[in-house]
Amino acid sequence: MASKSVVLEATEIRLAIELIGLGARLQMLEAETGLSRERLVRLYKEIKGVSPPKGMLPFSVDWFMTWLPNIHASLFYNIYRFLERETPETGVRALMGAYRLYLEHVESGQEPLLSFTRAWILVRFFDGGMLQLSQCQKCRGHFVARAYEPQANFVCAICRPPPRACQGRAVQSFVQPRTAGLRPEPVASMA
Amino acid sequence: MNGGENLLAEVREVNLSYLLLAQRMLNEDYATAVFRLGFSKEVADIVRRLTLSQTVKLASSTSLLCRFRFDEGALLTALSQDALGGVLQQAHTTLLLASQPVEQIG
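Residues numbered from 1 in each chain as written. Chains lettered and ligands numbered in written order. Predicted model: local features only at pLDDT ≥ 70, side-chain atom pairs only at ≥ 80, totals over all residues. Heavy atoms only, no water.

The subject of this paragraph is the overall build of chain A. When helices and strands are counted, chain A shows seven helices and two strands. Traced from its N-terminal end to its C-terminal end, chain A shows the element sequence α-α-α-α-α-α-β-β-α. Taking contacts inside chain A between residues at least 6 apart in sequence as the whole, the part at least 24 apart equals 55%. (Helix = DSSP H or I, 4+ residues; strand = E, 2+ residues; numbered from the N terminus. Contact = heavy atoms within 4.5 Å.)

Written out as structure tokens, the structure is:
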């Protein structure tokens, strides 16, 4: 790595800082930047003040199939797909842009149900052909589903919530509508 | 005061506000703006490059320049029905708009 371009490295560090700010785990940083693990750990500590969490990533398709996570994941992935398709942003840039747009739907100060690293894994699952988007027969929206699942009578998690869907959890996980035309009150700055 | 004239003036005003807002959004954060506006790349680039006089000229139309983005009955029905007391509505709206075709030329 001795002859690495300084400019390139600066760009990668900037990218890593942005990714860490959004909540990226170490594995994601390693995959998306060309920086060494050691440097990334140092960078992480410097920004977050703590060591990066150890352990495996939440690597399961099942999580995306449960009711509320499915809605969050579908919202994020639709935005991501739009950015990939219609704008010059691609790859990790589209991922960051889409995640920021997704965060607008999460109450500020709340931990987003779909973490940034999970969003990244979601995109990788799609790239790997493990997931597909199924179209809801009622609202015509596209929702995350297992690959090769029959789509004929698919109805989404919003149009047909499970009988014991917890409204309270749904309320907490999404920002509540503000009346159009009214500016939100200034919120105290978040840590 | 002529009510009809007033309405037309308001249409022009909305047109101008719309174009100016779109331009500001596109200059600030291009990709996010394209998403919020539902533009295609071509439309976005043309709107962004309009000169002030072109913008004003375009805005002086007495027809609205911005279009209603839900052009399917099913979509609108889904959104206006309250699932779970409407707590998911905002997310649902964004999700549906994201999978809609964008404003195209030609």
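Attention shifts here to the overall build of chain B. Scanning chain B for helices and strands turns up six helices and zero strands. Start at the N end of chain B and walk to the C end: the helices and strands fall as α-α-α-α-α-α. A separation threshold of at least 6 residues defines the contact pool for chain B, and within that pool the share at least 24 residues apart is 63%. Working note: accessible area of chain B is about 6200 Å², and carbon and sulfur atoms make up 55% of it. (Areas by Shrake-Rupley, 256 points an atom, 1.4 Å probe, with all protein chains shown as cover.)

In this model, the largest pocket occupies a volume close to 980 Å³. Along its surface, the largest pocket is lined by 31 residues, and B:Met25, B:Arg36, B:Leu37, B:Arg69 and B:Leu97 are the ones closest to its centre. Contributions of two or more residues to the lining of the largest pocket are made by helix 1 (3-28), helix 2 (30-37) and helix 6 (89-98) of chain B. Counted by class, the lining of the largest pocket contains 16 nonpolar, six polar and nine charged residues. Both of domain 1 (1-67) and domain 2 (68-106) of chain B provide at least three residues apiece to the lining of the largest pocket. Taken as a whole, the second largest pocket spans an internal volume of roughly 480 Å³. What lines the second largest pocket is a set of 20 residues, among which A:Leu22, A:Gly23, A:Tyr99, A:Glu111 and A:Pro112 lie closest to the centre. (1 Å grid on protein atoms, 1.4 Å probe; cavity = no way out; pocket = protein on both sides within 12 Å on 5 of 7 lines; lining within 4 Å. Points joined across faces, edges and corners; volume = space filled by probe spheres on them. Nonpolar A, V, L, I, M, F, W, Y, C, P; charged D, E, K, R; others polar. Domains from an automatic or database assignment.)

At the junction of the two partners, chain A supplies 34 residues and chain B supplies 29 residues. Roughly 2700 Å² of surface becomes buried between chain A and chain B when both sides are summed, with 70% attributable to carbon and sulfur atoms. It is A:Phe82, A:Glu86 and A:Ile158 in chain A that bury the most area against chain B; as a group they hold 22% of the surface buried on that side. At the surface where chain A touches chain B, the tally comes to one salt bridge. Linking B:Arg36 and A:Glu104 is a salt bridge whose minimum nitrogen-to-oxygen distance equals 2.5 Å. Counting every contact that joins chain A to chain B gives two residue pairs in polar contact (both at pLDDT 80 or more). Along the lines of polarity and charge, the residues of the side of chain A that touches chain B split into 18 nonpolar, eight polar and eight charged. (Buried area = accessible area lost by both parts, 1.4 Å probe. Salt bridge = Lys/Arg side-chain N within 4 Å of Asp/Glu carboxyl O. Polar contact = N/O pair within 3.5 Å; in protein donor to acceptor, adjacent residues only side chain to side chain.)

It is worth spelling out the domain arrangement of chain B at this point. Where interface size is quoted, it is often the accessible area lost as the parts come together. Residues and elements named next belong to chain B. Partitioning chain B into domains gives domain 1 (1-67) and domain 2 (68-106). Facing the eleven residues of domain 1 at the interface are nine residues of domain 2. For the domain 1 and domain 2 pair, buried surface summed over both sides reaches about 890 Å², with 50% attributable to carbon and sulfur atoms. The largest share of the area that domain 1 buries against domain 2 comes from Phe 35, Gly 38 and Arg 67, three residues that together contribute 59% of it. At the boundary of domain 1 with domain 2, the tally comes to zero salt bridges. At the surface where domain 1 touches domain 2, the tally comes to two residue pairs in polar contact (both at pLDDT 80 or more). Elements that contribute at least two residues to the side of domain 1 that touches domain 2 include exactly helix 2 and helix 3 (41-49).

All names here are of chain A. Scanning the model with the defined rule gives seven salt bridges over all chains in all. A salt bridge links Glu 9 to Arg 39; its shortest N-O distance comes to 3.1 Å. Note that Glu 9 is positioned in helix 1 (residues 6-22) and Arg 39 in helix 3 (residues 37-48), a separation of 30 residues in sequence. Put simply, Arg 85 and Glu 86 hold a salt bridge, and the shortest N to O gap is 3.2 Å. The exposure class of Glu 86 is buried, given its relative accessible area of 12%. (Buried < 20%, exposed > 50% of the residue type's maximum accessible area, 1.4 Å probe, protein only.)

Before going further, it helps to spend a moment on a nonpolar patch on the surface. Residues and elements named next belong to chain B. There is a patch of nonpolar side chains on the surface, built from Leu 20, Leu 52 and Val 56 and spanning about 270 Å² of accessible area. Topologically, Leu 20 is positioned in helix 1. Leu 20 sits in the partly exposed class, given a relative accessible area of 37%. (Patch = residues over 30% accessible without salt bridge, like charges linked within 9 Å, V, L, I, M, F, W, Y side chains within 5 Å.)

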